[in-house]
Amino acid sequence: MISVNAKISGVTFDVQVDDNVNILTGYSGTGKTFMFKAITEYLKANGMKCIYFNNTAMNFSETAIKDACKGKELIIFDNADLYLTQGILDYARTIGIVIISMKLIFNLKIKPYSIYKISYTGDKLVLTSRGKSA
């Protein structure tokens, strides 16, 4: 489980993910990338080994991404439609907690997973569970 209840950059975060693989949904501009960057830096500063991937990961090989994941407790894949392969996902889920933001989750065998929605209004960002995969 990952839990962040803190004020970061003037925003109060209420973020908790409970499972090994967690999918984040929401339209562009809803705060997903902001949340990923903020909680990655917050958790690193508090001793957790984290890595954040964004669209620039599409410039790296599967092996390079897997190597970067080694030893991490939290692995975040933002805009994952662009680069996340089944091999990367299968590897990442064996070594840490995985959070994924992608539009077409049916392209990968992800189950089991939990799904979350982000709400970001003014000075508060909340992650709400939408359930677990069947």
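Now for a quick tour of the structure.

How each quantity is defined
Residues numbered from 1 in each chain as written. Predicted model: local features only at pLDDT ≥ 70, side-chain atom pairs only at ≥ 80, totals over all residues. Heavy atoms only, no water. Core = buried A, V, L, I, M, F, W, Y, C linked by side-chain atoms within 4.5 Å. Buried < 20%, exposed > 50% of the residue type's maximum accessible area, 1.4 Å probe, protein only. Helix = DSSP H or I, 4+ residues; strand = E, 2+ residues; numbered from the N terminus. Contact = heavy atoms within 4.5 Å. Salt bridge = Lys/Arg side-chain N within 4 Å of Asp/Glu carboxyl O. Arc of directions from axis to C-beta. Phe/Tyr/Trp six-rings, centres within 6.5 Å; stacked < 30°, edge-to-face > 60°. Pairing = 2+ DSSP bridges. Axes fitted to C-alpha atoms, helices over the stretch in contact; angles between N-to-C directions.

Thoughts on the nonpolar core
Counting 23 residues, the largest nonpolar core has Val-4, Phe-13, Val-15, Met-35, Leu-74 and Leu-127 as its most contacted members. In terms of residues, this core owes the most to one element, helix H1 (residues 32-45), which gives 5 residues. With sequence-adjacent residues up to four places away left out, Leu-127 is seen in contact with Asp-14, Val-15, Gln-16, Val-17, Leu-24, Met-35, Tyr-116, Lys-117 and Ile-118. Counting 22 residues, the second-largest nonpolar core is a separate cluster that includes Tyr-83, Leu-84, Ile-100 and Met-102.

A few points about the pattern of salt bridges
Going through the model one piece at a time under the given rule, you end up with 3 salt bridges. Its salt-bridge partner being Lys-70, residue Asp-67 comes within 3.2 Å of it at the nearest N-O pair. In this structure Asp-67 comes out as partly exposed when scored by relative accessible area, which is 41%. Here Lys-70 falls in the partly exposed class, since its relative accessible area comes to 48%.

Here's the deal with helix H3 (residues 86-95)
Residues of H3 that are buried: Ile-88, Leu-89, Ala-92 and Arg-93. One face of H3 carries all of its buried residues, which in axial projection span an arc of 120°. The secondary structure elements touched by the buried residues of H3 are strand S3 (21-25), helix H2 (62-69), strand S5 (74-77) and strand S6 (97-101).

Quick look at the packing of aromatic side chains
This model, assessed by the stated rule, comprises 5 aromatic pairs. A centroid spacing of 5.7 Å and a plane angle of 35° characterise the contact between Phe-13 and Phe-34, whose relative ring orientation is tilted. Placement of Phe-13 in strand S2 (residues 11-17) and of Phe-34 in helix H1 is noted, with a sequence separation of 21 residues between them. Of the residues examined, Phe-13 reaches a relative accessible area of 1% and is grouped as buried. With centroids separated by 6.3 Å and ring planes inclined at 45°, the aromatic side chains of Phe-36 and Tyr-52 adopt a geometry described as tilted. Within this pair, whereas Phe-36 is found in helix H1, its partner Tyr-52 is found in strand S4 (residues 50-53), the two being separated by 16 residues in sequence. Aromatic rings pair up to connect Phe-13, Phe-34 and Tyr-120 into one cluster.

Things to note about the sheet that holds S2
With respect to topology, 8 strands assemble into an open sheet ordered S1-S2-S8-S7-S3-S6-S5-S4, the strand pairing being mixed. The open sheet terminates on both sides in strands that have one partner only, identified here as strand S1 (2-8) and S4. Averaged over all neighbouring strand pairs, the angle between strand axes comes to 20°, with direction disregarded. Inspection of the sheet shows strand S7 (residues 114-121) paired to strand S8 (residues 124-132) by 8 bridges, in the antiparallel sense. Pairing of Tyr-116 across the sheet is with Ser-129, part of S8.

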